[in-house]
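Okay, here's what each chain looks like letter by letter:
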Amino acid sequence: MFFLSYFGGNHVRSTTSYYGGAGINADLKTFHNQQVYAATIVVGLTAQNTYGVQDQYAIPTSFISEQFKSIANDLNIKAAKTGALLDAKRVHIVAKEWQQYELGKLVIDPVMVAKGGAHLLSDEAILTMINELIPQAYLITPNLPEAQVLVNQTIKTDNDVQQAAKKIQKMGVRNVLIKGGHRSNSENNYADYILYEDGSFKWFVMPGVDTNRTHGTGDTLSAFITANLAKGYDLKMIMPQAKKFTYEAIRQTINVGHGHGPLNHWVEITMERD
Ligand SMILES: Nc1ncnc2c1ncn2[C@@H]1O[C@H](COP(=O)(O)OP(=O)(O)O)[C@@H](O)[C@H]1O
Ligand SMILES: Cc1ncc(COP(=O)(O)O)c(N)n1
């Protein structure tokens, strides 16, 4: 899906998952939590639960264009995020429509593989994303495996992470956040790294929560950021709260499903107070 952010609310998003834990559902819950209005442009559907993705269905590209037109002709969108875009045709149409309508700050969550292993972006789509979508983005939020695919290199050390972020920024995106959920260190900390457009950078290190209820962590983090960009907050102010929100949503577990369970989107972390 593809998400847009709209003042006092926002977003356009790409793929839905109907049990409610990841994809558009995690995004919408996060937007709602942050008190912004959310709109959606659906690019694909998944039959999905905490065990994995059982099936996928791609929305026809002409219908994706219709959704863009409907949103752009009515709503005052301030920021948007993408999610799983499935294939090259759909990445292309989203990139083309984004260019036409210019709907505010674009956050790309380059969802490639779901927890459980299902592929949500084809190999040929990655090149289309690099060539057509990434140069239009304000922020991209790859996890470590996605960053490795984007730069076509293995990422092991902190220095590798920093070099990869530089390489991704050179693709034309202003800010790069490489999420560390797939690489805990010997103290069981997870470190996320952000390279800002002014060349400054920051590591966000948080203790790892010992749980398999991590479905939708990346969606939640990037949706929190998008929601608060829509409200007009500066990215450097948003980042610590985005990390805190995601961490608390993982830590304060809810008991849903039997596999990779979803997060708790009722936690109360805002930009104004925590
Ligand atoms: N078990 C965990 N404990 C604490 N933080 C986590 C845990 N798993 C992921 N995170 C955090 O969740 C966010 C999403 O990261 P990640 O899981 O890498 O994204 P994705 O869902 O795209 O794979 C990051 O801020 C990461 O540090
Ligand atoms: C439709 C959709 N979008 C995104 C994700 C990624 O979430 P996760 O990496 O936590 O599985 C997903 N599983 N399904």
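Further up the page is the structure itself.
None of the values given here were measured: they were computed from a predicted structure.

Asker: Sorry, what's going on with the overall build of the chain here?
Answerer: When its secondary structure is counted, the chain shows eight helices and 11 strands. The C-alpha radius of gyration computed for the chain amounts to 17 Å, which stays within 12% of the reference 19 Å derived for 274 residues, consistent with globular compactness. Dimensions along the principal axes, computed over C-alpha positions, put the chain at roughly 50 × 40 × 40 Å. Split into buried and exposed, the 274 residues of the chain put 56% on the buried side. The contacts in the chain between residues at least 6 apart in sequence include a share of 69% that link residues at least 24 apart. Taken together, the 25 basic and 25 acidic charged side chains of the chain have centroids lying 2 Å from each other.

Asker: When you look at the packing of aromatic side chains in this model, what are you seeing that I'm missing?
Answerer: Centre-to-centre distance and the angle between the planes together describe a pair of aromatic rings. Here the structure, examined in full by the defined rule, presents four aromatic pairs. Judged by centre distance (4.8 Å) and plane angle (55°), the rings of tyrosine 193 and tryptophan 203 are tilted. Here tyrosine 193 is found in strand E10 (residues 189-195), whereas its partner tryptophan 203 is found in strand E11 (residues 201-207), with 10 residues between them in sequence. By relative accessible area, tyrosine 193 is classed as buried at 2%. Residue classification places tryptophan 203 among the partly exposed positions, given a relative accessible area of 24%. Among the aromatic residues, those joined into a ring-pair cluster are Tyr193, Phe201 and Trp203. Here lysine 105 stacks its cationic end above the ring of tyrosine 138, 4.7 Å away from the centre of that ring. If you follow lysine 236 out to its NZ or CZ, it ends over the ring of tyrosine 196, 5.1 Å from the centre.

Asker: Looking at this structure, I do not really get the packing of helix H1 (residues 23-33) against helix H7 (residues 217-230). What am I missing?
Answerer: Any two packed helices are characterised by how steeply their axes cross, that is the angle between the axes, and by the distance between the axes. In the contact formed by H1 and H7, the axes pass within 8 Å of each other and the chain directions differ by 40°. Relative to H7, the element H1 is oriented oblique. As H1 runs across H7, the sense of the crossing is right-handed. Contacts from Gly23, Ala26, Asp27, Thr30 and Phe31 of H1 reach H7 at Asp219, Thr220, Ala223, Phe224, Thr226 and Ala227.

Asker: Could you clarify how one ought to interpret the site of ligand 2 in this entry?
Answerer: Taken together, 13 residues are adjacent to ligand 2, and Gln48, Lys115, His215, Gly216 and Asp219 come closest. Between an oxygen atom of ligand 2 and a main-chain N or O atom of lysine 115, the distance comes to 2.8 Å. Within the side chain of aspartate 219, one N or O atom sits 3.2 Å away from an oxygen atom of ligand 2. Relative to its unbound accessible area of 350 Å², ligand 2 is 94% covered by the protein chains. With respect to the detected pockets, ligand 2 is housed in the largest pocket. The residue makeup of the shell around ligand 2, split by class, is four nonpolar, six polar and three charged.

Asker: Explanation requested: the environment of glycine 257 in the structure shown.
Answerer: Position of glycine 257 among the secondary structure elements: in the segment after helix H8 (235-251). The class for glycine 257 is partly exposed, based on a relative accessible area of 33%. Separated by 44 residues in the primary sequence, glycine 257 and arginine 213 have C-alpha atoms spaced 9.3 Å apart. When sequence neighbours within four positions are dropped, the list of residues in contact with glycine 257 reads Thr50 and Arg213.

Asker: Looking at this model, I keep getting lost on the pattern of salt bridges. Mind explaining?
Answerer: Opposite charge on two side chains makes pairing possible when the charged atoms of those side chains draw close. Tallied over the full model, the rule gives 10 salt bridges. For aspartate 192, the salt bridge identified is with lysine 243, shortest N-O distance 3.1 Å. With aspartate 192 in strand E10 and lysine 243 in helix H8, this residue pair connects regions lying 51 residues apart in the sequence. For aspartate 192, a relative accessible area of 4% translates into the label buried. Ionic pairing is found between aspartate 198 and lysine 236, a salt bridge with its closest N-O pair at 2.7 Å. Highlighted residues: aspartate 198 in the loop between E10 and E11 and lysine 236 in helix H8, separated in sequence by 38 residues. Since its relative accessible area comes to 37%, lysine 236 is described here as partly exposed.

So, how was this worked out
Residues numbered from 1 in each chain as written. Chains lettered and ligands numbered in written order. Predicted model: local features only at pLDDT ≥ 70, side-chain atom pairs only at ≥ 80, totals over all residues. Heavy atoms only, no water. Helix = DSSP H or I, 4+ residues; strand = E, 2+ residues; numbered from the N terminus. Rg over C-alpha atoms; globule rule 2.2 N^0.38 Å. Buried < 20%, exposed > 50% of the residue type's maximum accessible area, 1.4 Å probe, protein only. Contact = heavy atoms within 4.5 Å. Lys, Arg positive; Asp, Glu negative; His and termini not counted. Charge placed at Lys NZ, Arg CZ, Asp CG, Glu CD. Phe/Tyr/Trp six-rings, centres within 6.5 Å; stacked < 30°, edge-to-face > 60°. Lys NZ or Arg CZ within 6 Å of the ring centre and 35° of its normal. Axes fitted to C-alpha atoms, helices over the stretch in contact; angles between N-to-C directions. Parallel < 35°, antiparallel > 145°, perpendicular 65-115°, else oblique. Left-handed = near helix turned anticlockwise from the far one by under 90°. Near = heavy atom within 4 Å. Polar contact = N/O pair within 3.5 Å; in protein donor to acceptor, adjacent residues only side chain to side chain. Areas by Shrake-Rupley, 256 points an atom, 1.4 Å probe, with all protein chains shown as cover. 1 Å grid on protein atoms, 1.4 Å probe; cavity = no way out; pocket = protein on both sides within 12 Å on 5 of 7 lines; lining within 4 Å. Sits in = over half its atoms within 2 Å of the grid points. Nonpolar A, V, L, I, M, F, W, Y, C, P; charged D, E, K, R; others polar. Salt bridge = Lys/Arg side-chain N within 4 Å of Asp/Glu carboxyl O.

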